[in-house]
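Here is how the chains run, residue by residue.
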Amino acid sequence: MGFYLFMENPVVIGHKNIILISILILLFTFTISFASQDIAIKAGSIITISDNPIENGIILIKNGKIEAVGENVVLPADVRLIDANDKFVMPGLIDAQSRLFVMDRELNEGRTIEPELNIVDAIDPFIKEYREVLAQGVTAVCVAPGSRGLIGGRSAVLKLNGSKNVNKMVLKADATVKAAVGVSTGNTSSSLARLEHYSSIREALIAAKLYMQRKEKADREMAEYNRKKAEYEKKESGKETEKKEKPKRPAKFRTNPGSDVLVRILRKEIPLQVEAHRVTDIINVLRLADEFGFTLILDKCTEGYLIADEIARRKVPVIVGPVSTSFVDIPRLEYRNHNMSNAAILSKKGVKTALGVSGRDGASSKFITLAAAMAAANGLDKDAALRAITLTPAEILGVADRIGSLQVGKDADLVILNGPPLDIRSRVEMVMIEGKVVFDRKSQR
Amino acid sequence: MRTCVILLSFLLLIPALAQDEQSEVTAIKAGKILTISGSPITDGIILIKDGKIADIGTGIEIPENASVINAGQKIVMPGLVDASAAPPVRGDLNEEHKEITPTVRISTALDPQSKVLKRIVQTGTTTLYVSPGLRNVIAGLGAVVKPTGKIPKEMVIKEDAALTIVMSMDPTYGNQTPRSQPPRNFYFRRPTTRMAIIWMLRKSFFDAQKYAASKEKDDPEMQILASALDDKIPVRLNVRRAINIRTALKLADEYDFQLILDECTEGYKVAEEIAEKQVPVVLGPFYYYPGSLGQSREGREVNWNNAGILTKAGAKVALTSGAQAQSIDLLTAAAFAVRHGMPRDKALKAITATPAEILGVADKVGTLEKGKDADILILSGDPLEVTTRIEKVILNGKIVYKAE
Amino acid sequence: MVRAADAPQHLAIRAGRIWTVTDGVIKDGVIIIKNGKIQAVRKKPDVPEGMKLLDFSDRDVMPGLIDAHCHIGLSLDIYSEIDETVLAVTPDMQIIDAFNPLADDVKKALSSGVTTVLLAPGNKNPVAGQTAVVKLYGKTTKDRVLKRSGGVKFSLRDDALMSDRRPTSRAGLLALIREELNNAKTHKDDKPDLRIEVLKSVVDANFPAYISAYTVDEIASALTVIDEYGLNAVLIGAEEGDEIAQLIAKQNIPVIYSPVLLFSRDKDLKRVVKMADSGIKIAFSSKSPRTPLSSLRTSAITAVKYGLDKEVALKGLTINAAQILGVAKRVGSIQRGKDADLVIISGDPLQPTSTVEMVIINGNIVYQRQKI
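Residues numbered from 1 in each chain as written. Chains lettered and ligands numbered in written order. Predicted model: local features only at pLDDT ≥ 70, side-chain atom pairs only at ≥ 80, totals over all residues. Heavy atoms only, no water.

Draft legend 1. Representation of the domain arrangement of chain C in the model. Residue and element names in this part refer to chain C. Examined at the domain level, chain C breaks down into domain 1 (10-63 + 334-368) and domain 2 (65-325). Taken over C-alpha atoms, the centre of domain 1 sits 30 Å from the centre of domain 2. Each side of the interface is counted separately: domain 1 has 24 residues, and domain 2 has 24 residues. When domain 1 packs against domain 2, the two sides together hide about 1900 Å² of surface, and 68% of this comes from carbon and sulfur. Contact with domain 2 buries surface across domain 1, with V21, L350 and I361 losing the most and accounting together for 32% of the total. Here D348 ties to K310 by a salt bridge, and the two come within 2.4 Å at their closest N and O atoms. At the junction of domain 1 and domain 2, the tally comes to nine residue pairs in polar contact (both at pLDDT 80 or more). Within the residue set of the side of domain 1 that touches domain 2, elements represented by two or more residues are β4 (52-63), β13 (342-345), β14 (356-361) and β15 (364-368). (Domains from an automatic or database assignment. Contact = heavy atoms within 4.5 Å. Buried area = accessible area lost by both parts, 1.4 Å probe. Salt bridge = Lys/Arg side-chain N within 4 Å of Asp/Glu carboxyl O. Polar contact = N/O pair within 3.5 Å; in protein donor to acceptor, adjacent residues only side chain to side chain. Helix = DSSP H or I, 4+ residues; strand = E, 2+ residues; numbered from the N terminus.)

Here it is as structure tokens:
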């Protein structure tokens, strides 16, 4: 800038102007370098989740990704140093059963099969509660349609990066398709009604199978037609005047968005996340998965502890929630045999177990650490509890390549705490998403 | 840490202690002050101290450390008084288990966090009358409140300000079961006709007279009715049709109670009689189109000149929002009344001094006079111009609203 | 769950930390129990000869928790039968008559560490009935029932408004309550009336009034009525009480707060803290089945997270509740002479990672955690 001025106005620049210009240059270069500056966090204890904790280590962040993490990390010359020497650092927390960013009324359509509905269309980035959730270290949430729809629609994993552009919030769209069986309305649950749930879902999946076969056939016929058409046109333009039949165009195959989604489920491209509470419902869902071969995730799985072996045998992952019925409104029938040791029992039997808050509204996601601590109090190993709110949900939801642990190559989504994460006295000091500070306790007053 | 806090607070207290000797004074300077009680004051000053008007006039000396609100060439008038305001009450206004419920005090159901209070303040109302609902023949006691305070008690400036009695058809609604259904609940009862409403009123008054004459003292319901008959509590009678207005006037003569006519839609038909008997009228919102049904199915003939006609006949008229949250605001209602025949000065009085008198709080509010509450509006122009904005609302000497 | 054994005559519990609540934390101490009562609380780990010893040297011991307002054991189904709504005023109803000590939810609740509860009718009657204070276990009624009739429950909630019986409006609700209290005051003794007798003891004899009020206007109405009639009162819920905390503190009215986890906004989670800071005596409640008894400790823990002093939180689970309920002579702290109601816990009672390992009521082991 200074040079420009110099060239423009070949006037003698006095002392004052030089100082002003130098300051401007300094600021300019400072801001430029600041934006793309590497960040190094020196931490007393780094909880990577994927490996053993690292004492007095360093995390190096470059372009929003974790460049290095370990005890001896060579720092580049120009790095912004964050001193967390007496603090704990862990990956950003994930609430896999969140209602954040969606107004309650918008979570459910009717009791129907609507796999084409997409939760992303219900996201309101201007909802302010997310700040309180972020301040408790939650950097990503999975939001799904509610419990009323038999197949309610597609869920999405969102980051709490404060963007007002929904597309920039979405880490993964179509993470799962949400279904729910055996969920009562109020205090009653009709057995006949539940039977109807299963027959409806089965019907829909069978219809999707047929649809898939017909679509594949139509695709083949279309490919065949195109081949013949190309041949025909080639011959037409050639010298031979053979009487050739113009190939007939096959009937147009009418696609159906809902069926398309179900086909993706059948092809194991998207998992089916089924909310099931009672033993009978869980067993029925396991049988459905056997029958149709889709990738199953058990959601809530309230009585799962009673048939943990069955679930483990089939290697079906489970998202357990709520850890305590205090998180939900008036406990319904399906929570009758709720057991706070559910996650612990499932985990001990080898079931891949994640924890969600499954609270009464969006802001409830802030209780994810409390949920993990309560699960730990009821038998879940402390490390497993921390993993259940970071890496495990990331794996189950298919975003473990990006988040869930502090490993080289993953997004720099992390939380700095002033004490062990499960200790009630610990406070979140800073939260980072992709290397950007999105929450800093020091600047909150 | 704690000792630091204690020391700091001590240090901060010192200037505060010194300041106690002279309490805060606020001065408002304005191009035109409409006192309502007398002629407007040009380039006047109002001094406010402890929430009251300490002095008002021209050439008044402003104390040194007074905070000054300089309203330039703006117009200042008293805070408005709504003699039938949208109730800042939670839930149902009607206690419907029987028709005669004199002991129901709507002040016990006030909700200081009610959302209607915000709009009430923004439209310049600083004193309001809250009444029980109109579903009962004798509905209960209303109160005069201000839109301020954290708890109901802090809002009330006059408890038991009037007894609400309803002679319109509202008490008959819902008193019949649908056809072919057995009468199953307490809603199935008298009255279903006008005849029964009047009968219930007469019976109640009769019983009250008997009670007052006897030596008994322990029936709270009768106690209140007796007080009303004894002129201790005014009676707010809700009437719409002319026939009911006439009946009301007759009853007031017969039983000798202090009558206030509430809503009075067809008042224009009976204007001379009302004026002659010197019965004050609290008008409901009268912008319904002539012939429209408005809130009730009761047929009555709306006439937009109602306020004008009543005023010209010599009746005391207050303009109100008719206990509805969505009514047009009082200033607009006054302008509307002027458009339809009400003299300007009477229209302004009808939303300030007149309702204050009718409500029995004229010693505190309604005009800008020394000794009264400092409830003041600062307007961008003539109050009766629709394009005028309320710039500031001052309640008990504090600014509670500032236009953005 | 271990079935309650016959109470050993003498029992000693050694613990790494004893949270007495009233006399601080004793490290490596011993509690001596005899005939279901705490005979001694010793500051040395030595155990007298011949006593059965429960060695929890690496664990903490605290007093049995007290749930200051719940509806446990009162129902046949998941929804409790706690409201008799046909009549609006039923002060003669005693909730103890609906309590089933062998109910499933009572047995299940033993693992929560709660040993004493206040049972109350619901919020659907303006004058609902008489509360009771019971233990979750007792060999005899005498062991189990601390107060057959502890006070009268009043409700200023919207739930008490019905469309088919009086009152239908808030103003009507308050008129009704004043009417009943006035009638009780002026009632002449010549006509015996059980209902009026009960209310008379509330207005004249300081029989406690438990008043349900959540919003600011409900609490303000409660405070006015309490002042008007000179009631010995406790507020139940008082969710928005922080907004008029000074007024509540000035009238010295204790508060049995709603379950803290019913809230999720920071602003709401801090309310109980603000009230405690204003000097109001707070006890925690579960309102079971609204939230489970196990959430009682979680309520206190969450309050600590949002700023509540740890000591105050611990008191809110124990001695405060005992004092408010009028049973502090028997429960609420670990002191000589009180009932041996104890909870052995794996760590600091106010850490969410701590587990209840064992629960003792009247010297009987009523719960022992099974390893998974």
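Draft legend 2. Local environment of the interface of chain C and chain B. With 26 residues of chain C at the interface, the matching set in chain B holds 22 residues. Where chain C abuts chain B, roughly 1900 Å² becomes buried across the two surfaces, and 54% of that area is made up of carbon and sulfur atoms. Summed over the three residues of chain C that lose the most area to chain B, namely T168(C), A171(C) and D217(C), the buried surface amounts to 27% of that side. Here chain C is connected to chain B by four salt bridges. Inspection of the region where chain C meets chain B yields 11 residue pairs in polar contact (both at pLDDT 80 or more). Ranked by residue count, the leading element in the side of chain C that touches chain B is helix α3 (residues 170-186) of chain C, at seven residues.

Draft legend 3. Representation of the confidence of the model for chain C. Per-residue pLDDT for chain C averages 92, and the proportion of residues at 70 or more is 96%. Predicted complex, confidence summary: ipTM 0.92, pTM 0.88. (pLDDT = per-residue confidence, 0-100.)

Draft legend 4. Representation of the packing of aromatic side chains. Residues and elements named next belong to chain B. Applying the stated criterion to the full structure yields seven aromatic pairs over all chains. Ring centres of F205 and Y255 lie 5.1 Å apart, and the angle between their planes is 45 degrees; this geometry places the pair in the tilted category. On the criterion of sequence distance, the pair formed by F205 in helix α4 (residues 194-213) and Y255 in helix α6 (residues 242-255) is long-range, its members being 50 residues apart. With a relative accessible area of 11%, Y255 lands in the buried category. Plain terms: the ring middles of W304 and F336 are 5.5 Å apart, the flat faces sit at 80 degrees to each other, and that makes the pair edge-to-face. (Phe/Tyr/Trp six-rings, centres within 6.5 Å; stacked < 30°, edge-to-face > 60°. Buried < 20%, exposed > 50% of the residue type's maximum accessible area, 1.4 Å probe, protein only.)

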